[in-house]
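Fold and geometry: a report
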Amino acid sequence: MYKILDGKALSLEKRENLKVLVAKYEKERNQRVGLAVILVGNNPASQVYVRNKIKACEEVGIKSYAYYLPEDIKESDLCDLVKEVVENPAIHGVLVQLPLPKHINADKVLALIPRKKDVDGFSEENIGRLCMNEDCLVACTPNGIMSLLASEGISTMGKKAVVVGRSNIVGKPMAMLLINGDATVTVYHSKTKNLKEECLQADILIAAIGKAKFITADMVKEGAIVVDVGMNRDENGKLCGDVDFENVKDKCSYITPVPGGVGPMTITMLMFNAYWAAIRS
Ligand code: GUN
């Protein structure tokens, strides 16, 4: 019998705890925790993510600073704005929602965010520190997954973990966190041969591919822990993950649902990162 890794419930609990910490910070420092969220253009998925991030700020008592910029903004104008925002002492964390429009070099923009305000954990310095297992701001989705596993007392030590997907946002930092958690980790991607056989070895399978129901029951070992990072639409337009949940679930010991699994945890970790940044400011 499988157990659901309920990211929605855990998020609620964690946000309640954070609310207390944020209120204490505000009282002691006589200052709000401040998070800037910068959205360029009209990508509908990004608009939803940003709205949810701002809503979460309100829930936990963080002051949000939202910047909505036109799709055709010049790269230099965006850079000027980011430079101004990162200098604001009331803003402890700065996030530029990705993807950015094609005419803008995202690396160049992200490089303007100093390590201690990089609440996404995307900067070279934070990624480097994560590799070295040093104190740093950690990318929110992988961090949320580790928290979800820990909440059920699932140890990663000595487990064979397979991460499918090698993005800078999820796959790579996820692999690092699992290595730091003493798992034996393999990262698979679109060019991997024999993906099915490889996935069948996994005690912990992290699906971060971006393809609806890509992980099927024949790719999952009996008793595996399956974590689904995907957020896709199926053939009927219904929200679904990268895992074929209905057919996979009975093989699992634990599985995350979509929605209500990894998604809420990502935003909760962002709130914790903003608090982390404020505490260290
Ligand atoms: N786009 C998709 N996921 C993320 C995220 O975690 N942070 C940012 N900034 N953009 C994203």
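Every value quoted in this text rests on a predicted model; they were computed, and no experiment measured them. (Residues numbered from 1 in each chain as written. Predicted model: local features only at pLDDT ≥ 70, side-chain atom pairs only at ≥ 80, totals over all residues. Heavy atoms only, no water.)

**Considerations on the site of the ligand**
- Around the ligand, the neighbouring residues are Lys53, Leu95, Val96, Gln97, Leu98, Asp120 and Phe122.
- Interatomic distance of 3.3 Å between a side-chain N/O atom of Gln97 and a nitrogen atom of the ligand.
- Between Leu98 and the ligand, the recorded distance is 2.9 Å, taken from a backbone N or O atom to a nitrogen atom.
- Here the ligand, which alone exposes 280 Å², has 82% of that area covered by the protein.
- Counted by class, the shell around the ligand contains four nonpolar, one polar and two charged residues. (Near = heavy atom within 4 Å. Polar contact = N/O pair within 3.5 Å; in protein donor to acceptor, adjacent residues only side chain to side chain. Areas by Shrake-Rupley, 256 points an atom, 1.4 Å probe, with all protein chains shown as cover. Nonpolar A, V, L, I, M, F, W, Y, C, P; charged D, E, K, R; others polar.)

**Some details on unusual backbone geometry**
- For the peptide bond that leads from Leu98 to Pro99, omega is 0 degrees, which places it in the cis range.
- With respect to the helices and strands, the residue Pro99 is situated in the loop between strand S4 (93-96) and helix H4 (106-110).
- Pro259 follows Val258 through a cis peptide bond whose omega is 0 degrees.
- Tracing the chain through its elements places Pro259 in the loop between strand S11 (252-255) and helix H10 (262-279).
- With a phi angle near 65 degrees, Asp182 is a residue other than glycine that sits in the positive phi range.
- By secondary structure assignment, the location of Asp182 is in the loop between helix H7 (171-180) and strand S6 (184-188).
- Positioned with a positive phi, Asn194 is a non-glycine residue whose angle comes to about 55 degrees.
- Among the secondary structure elements, Asn194 is positioned in the loop between S6 and helix H8 (195-199).
- Residue classification places Asn194 among the exposed residues on the basis of a relative accessible area of 52%. (Helix = DSSP H or I, 4+ residues; strand = E, 2+ residues; numbered from the N terminus. Buried < 20%, exposed > 50% of the residue type's maximum accessible area, 1.4 Å probe, protein only.)

**Focus: the pattern of salt bridges**
- Within the structure shown, the criterion is met by 12 salt bridges.
- Ionic pairing is found between Arg32 and Glu26, a salt bridge with its closest N-O pair at 3.6 Å.
- A residue is classified by how much of its surface remains accessible, and Arg32, at 36% relative accessible area, is partly exposed.
- Residue Glu26 is classed as partly exposed on the basis of its relative accessible area of 31%. (Salt bridge = Lys/Arg side-chain N within 4 Å of Asp/Glu carboxyl O.)

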